[in-house]
Amino acid sequence: MPSVWPALIAASLLMADPPVGGEGYEDELVRWGLEQHGWTLEPEPEGKRLESVEVASEDVVAPSDPYPSLLNVFHVRTREQVIRREVLLTPGEAYSPTLALETARNLRRLGIFAVVRVVPVRGHAPDGVSLLIITKDLWSLRLNQDFQLVGALVQSLRLQATEQNFLGLNKKVALDFQLRRDSLSLGQTYVDPRLGGSRWSLTESAAVILARSGRPEGSRGSVLLSRPLYSLGTPWSFQAQVVWRVQPVRVFRGADVWQLPYPEGGTVPYIYDAREVSGSTLYLRSWGSRFKLDAGGGLGAYHRRYGAPADADLDEARRAWLRDTLLPRSEDATYVLAYARVWETRYEVMRDVDSYALSEDFQVGPYVTATARYAPALLASSSSFAEVGVTARYRVRLGDALTSVTTAASIRRWLGGEARGEWANRRWATEVQQVSPKVLGGRFVARALLDVNRDDLNERVLLLGGGNGLRGASPEAYSGKRMALLNLEYRTRPLVLYTVHLGGVLFYDAGTAFDEAPSVVHTVGLGVRLLFPQFNTFPFRLDFGYVLNGERPPVGGRFSFSGGQVTEFRPSFLDSPL
């Protein structure tokens, strides 16, 4: 989640001296780390005895940064023991480049560092080597935000007053505010990824939901206790989770609630009450080294109820029509779960793909997961079914190009009741993404996406338009159970202004959401990307699009503004089909 702090202090850019030399942002930090105690890179470390692990942590605002050093007073730098706790190499044993790279990935995955570099340096003995970990914190006291703006329409806005590295201990505490077109919510979040200094993790959040008038409407929250697979050598993991959501759901098209055409005449507002409570456990064992197999099982249960609001001005016929044709299926289930994942433990580190200058980790090779659930009818009101979800991805790097192909599918078989023997929840989706080698310092990025629903029990309606993939079109202008989308961008090399990275984008989008026959809409446009590496790892995005063959919104409605790249807007189904 990006921070708004950079926007508040960017005016200081013109008052600072530029950094010395033409090095990249991370390379300059490595040079600084080596100079701290006169270390020298070791070109051939493999197999040598590891003498020690050294840590060099730079301030959030370094002398080469364009911001006042006074800001460091308000940030507690990550404690050295937090960094050392993630190190997978042991002094006295042979140096392993593989474990060094995994250590760097684990540290970057914590989300508290702008930069992590792990390099071998010469030891005191000829057959010795030391490991140097160079880090630079992200600014941790933040007003984070996640937002979608199309013209003057605020589709969603999330503000989170956060200390994401409390006292430098890698613990997150936050107060959360979310504004949607129909409601607002106030909540809190606490995340402790190393509970009590152990390998256990605790994440909890809770929020109260209010109507725009201030009247309470519901609540949501979750609690997750887990022991993750924190390294490739970890033999087992476990998690237990409880999630709830009680609130009215309003589906919008643009600024207004979607008015559904009723078969007998008139319209029905697309509004319903949702009540969801679920709990689950999962235990996994892990085997292998180059290719990993993670497999296990667990138990779970959920209660889901959906219906027209009690205070809605609808007769029984309209309530029944809304429930039977458009609302998710109300259902209770208790199930056993089996899960398996097969993947290759190869990673590539690239730059200037989704971010600028900073290292980005990409798992390459195959990645396949399969999830199966069996729900017996333990209670009279519970459903009986078996269902399967599969996702598969293959990613390959050739030179400085990156190709990813992802597909996912799910299906359910009813085992009892009136629908016994019938199929449901048949859905599949596929995504292809191509990142080109650098051309004139920038990259071409292409993404094609197809999402197909059949007999979906949750009655998912896909909405497309605005900043979520079809830029330049009106927000949610196109709807349907299926979606096709193509995005083609040229992302320029960034212009570096006192460490601030400013890039440009030219794009072409083509897509539609549909039920039967698609009618593809084409748009073109340009945009800018802005990255403050001391504060965020992904850029802000401002785009202006023009519709070539469809309805065009007013000029102001053709702008969209959010955090991250457009390729981050993708169905969660591709990662979790069940």
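Just above, that's the structure.
Numbering of residues starts from 1 in every chain and runs along the sequence as written. Per-residue local features of the predicted model are confined to residues with pLDDT of at least 70, and side-chain atom pairs are confined, for both listing and counting, to 80 or more; whole-chain, interface and lining totals are unaffected and use all residues. Remark: hydrogens and water are excluded; side-chain values derive from all non-hydrogen atoms of the structure.

Undergrad: Sorry, what's going on with the overall build of the protein chain here?
TA: The secondary structure listing takes helices from DSSP runs of H or I that are at least 4 residues long and strands from runs of E that are at least 2 residues long, numbered from the N terminus. When you go through the protein chain residue by residue, the secondary structure sums to five helices and 31 strands. Each principal axis of the C-alpha atoms in the protein chain carries an extent, and together these give about 85 × 55 × 45 Å. A sequence separation of at least 24 residues applies to 61% of the contacts in the protein chain between residues at least 6 apart. Summed over its atoms, the accessible surface of the protein chain is roughly 26,100 Å², and 59% of this surface lies on carbon and sulfur atoms. None of His or the chain ends enter the tally, which takes Lys and Arg as positive and Asp and Glu as negative. Charge coordinates come from a single atom per side chain, which is NZ of Lys, CZ of Arg, CG of Asp or CD of Glu. The distance from the centre of the 65 positive side-chain charges to the centre of the 63 negative ones in the protein chain is 2 Å. Residues are treated as being in contact if the distance between any of their heavy atoms lies within 4.5 Å. Under the convention used here, a 1.4 Å probe and the Shrake-Rupley method define accessible areas, while residue burial counts only the protein chains that appear.

Undergrad: Looking at this structure, I do not really get the packing of aromatic side chains. What am I missing?
TA: Between two aromatic rings, the relevant description is the distance of the centres plus the angle of the planes. Here a pair means two rings of Phe, Tyr or Trp (six-membered ring of Trp) with centres within 6.5 Å. Their orientation is stacked below 30 degrees between planes, edge-to-face above 60, and tilted elsewhere. For the structure shown, the criterion picks out 13 aromatic pairs. Both rings, one in tryptophan 258 and one in tyrosine 270, keep their centres 5.7 Å apart while their planes meet at 50 degrees; by these two values the pair is tilted. Here tryptophan 258 is found in the loop between strand 12 (256–257) and strand 13 (259–261), whereas its partner tyrosine 270 is found in the loop between strand 14 (267–269) and strand 15 (271–287), with twelve residues between them in sequence. These aromatic residues form a ring-pair network of at least three members: Trp200, Trp236, Phe238 and Tyr283.

Undergrad: Teacher, can you tell me more about a nonpolar patch on the surface here?
TA: On the surface, a cluster of nonpolar side chains totalling about 630 Å² of accessible area is made up of Trp287, Leu293, Val342, Val368, Val388, Val390, Ile411 and Trp423. Relative to the assigned elements, tryptophan 423 resides in strand 22 (residues 423–435). Candidate patch residues must exceed 30% relative accessible area and have no salt bridge, after which like charges are joined if within 9 Å and Val, Leu, Ile, Met, Phe, Trp or Tyr side chains if within 5 Å. The salt bridge criterion pairs a side-chain nitrogen of Lys or Arg with a carboxyl oxygen of Asp or Glu, the two atoms within 4 Å.

Undergrad: For this particular structure, what's the right way to read the environment of leucine 531?
TA: In this structure, leucine 531 sits in strand 29 (residues 521–531). For leucine 531, a relative accessible area of 0% corresponds to the buried category. Along the backbone, leucine 531 and glycine 503 are 28 residues apart, and their C-alpha atoms lie at a distance of 8.5 Å. Discounting chain neighbours no more than four positions away, the residues touching leucine 531 are Ser355, Tyr356, Thr499, Val500, His501, Asn536, Thr537, Phe538 and Pro539. For the exposure calls, accessible area comes from a 1.4 Å probe over protein chains only, and a residue counts as buried if that area is under 20% of its type's maximum, exposed if over 50%, partly exposed in between.

Undergrad: Please explain the sheet that holds strand 1 (residues 49–58) as it appears in this structure.
TA: Two strands in a sheet stick together by hydrogen bonds in their backbones, pointing the same way (parallel) or opposite ways (antiparallel). With mixed pairing, the three strands of this open sheet are ordered in space as 1-3-2. Of all the strands in the sheet, the pair left with one neighbour each is strand 1 and strand 2 (113–122). When strand polarity is set aside, the average angle formed by the axes of neighbouring strands in this sheet is 15 degrees. Pairing between strands is defined by DSSP: at least two bridges between the two strands are required. Relative to strand 3 (residues 128–137), strand 2 runs antiparallel, the two sharing nine bridges. To obtain an axis, a line is fitted to C-alpha atoms, over the contacting stretch when the element is a helix, and the angle between two such axes runs from 0 to 180 degrees between their N-to-C directions.

Undergrad: Honestly, the pattern of salt bridges in this entry has me stumped. Any pointers?
TA: If charged atoms from side chains of opposite charge come close, those side chains can pair. All chains considered together, the criterion is met by 45 salt bridges. A salt bridge links aspartate 361 to arginine 108, with the nearest nitrogen and oxygen atoms 2.8 Å apart. Here the residue aspartate 361 occupies a position in strand 19 (residues 360–375), and arginine 108 occupies one in helix 4 (residues 97–109), the gap between them amounting to 253 residues. For aspartate 361, a relative accessible area of 27% translates into the label partly exposed. Between glutamate 489 and arginine 491 there is a salt bridge, with its nearest N and O atoms 2.7 Å apart. By relative accessible area, arginine 491 is classed as buried at 5%.

Undergrad: Help me understand the pairing of strand 8 (residues 201–211) in this model?
TA: Put simply, side chains in a regular strand alternate between the two faces of the sheet. Direction of pairing for strand 7 (residues 183–192) relative to strand 8: antiparallel, over a ladder of ten bridges. Bridging across to strand 8, leucine 184 finds its partner in leucine 210. Where strand 8 lies against strand 9 (residues 216–227), ten bridges are found, and the strand directions are antiparallel. Bridge assignment links serine 201 to a residue of strand 9, and that residue is serine 226.

Undergrad: Is there a simple way to explain helix 5 (residues 316–325) in this structure?
TA: It helps to recall that an α-helix has 3.6 residues per turn; residues three or four apart then point in one direction. Within helix 5, the full set of buried residues consists of Arg319, Trp321 and Leu322. Along the long axis of helix 5, the arc covered by the buried residues comes to 165 degrees, so they all point the same way. Turned more than 90 degrees away from the buried face of helix 5, the exposed residues are Glu316 and Asp324. It is the directions from the helix axis to the C-beta atoms whose arc is reported.

Undergrad: How should the environment of valine 396 be read in this particular structure?
TA: Relative to the helices and strands, valine 396 is located in strand 20 (residues 385–398). C-alpha of valine 396 to C-alpha of glycine 365: the two residues are 31 residues apart in sequence and 6.0 Å apart in space. Ignoring any residue separated from it by four or fewer positions in sequence, one finds valine 396 in contact with Ala401, Leu402 and Thr403.

Undergrad: Looking at this structure, how should I read the nonpolar core?
TA: Nonpolar side chains in soluble globular proteins tend to end up buried together. Among the nonpolar cores identified, the biggest contains 17 residues, and Leu50, Leu89, Tyr95, Val118, Leu131 and Ile133 are the most heavily contacted of them. Listing elements by their share of this core, those giving two or more residues are strand 1, helix 4, strand 2 and strand 3. Beyond its immediate stretch of four places on either side in the chain, leucine 50 contacts Leu89, Thr90, Pro91, Gly92, Glu93, Tyr95, Val129, Ser130 and Leu131. Each nonpolar core is a collection of buried residues, namely Ala, Val, Leu, Ile, Met, Phe, Trp, Tyr and Cys, held together in the definition by side-chain atoms within 4.5 Å. Counting 16 residues, the second largest nonpolar core, distinct from the first, contains Leu314, Trp321, Leu322 and Leu326.

Honestly, it's all geometry; don't read function into it.
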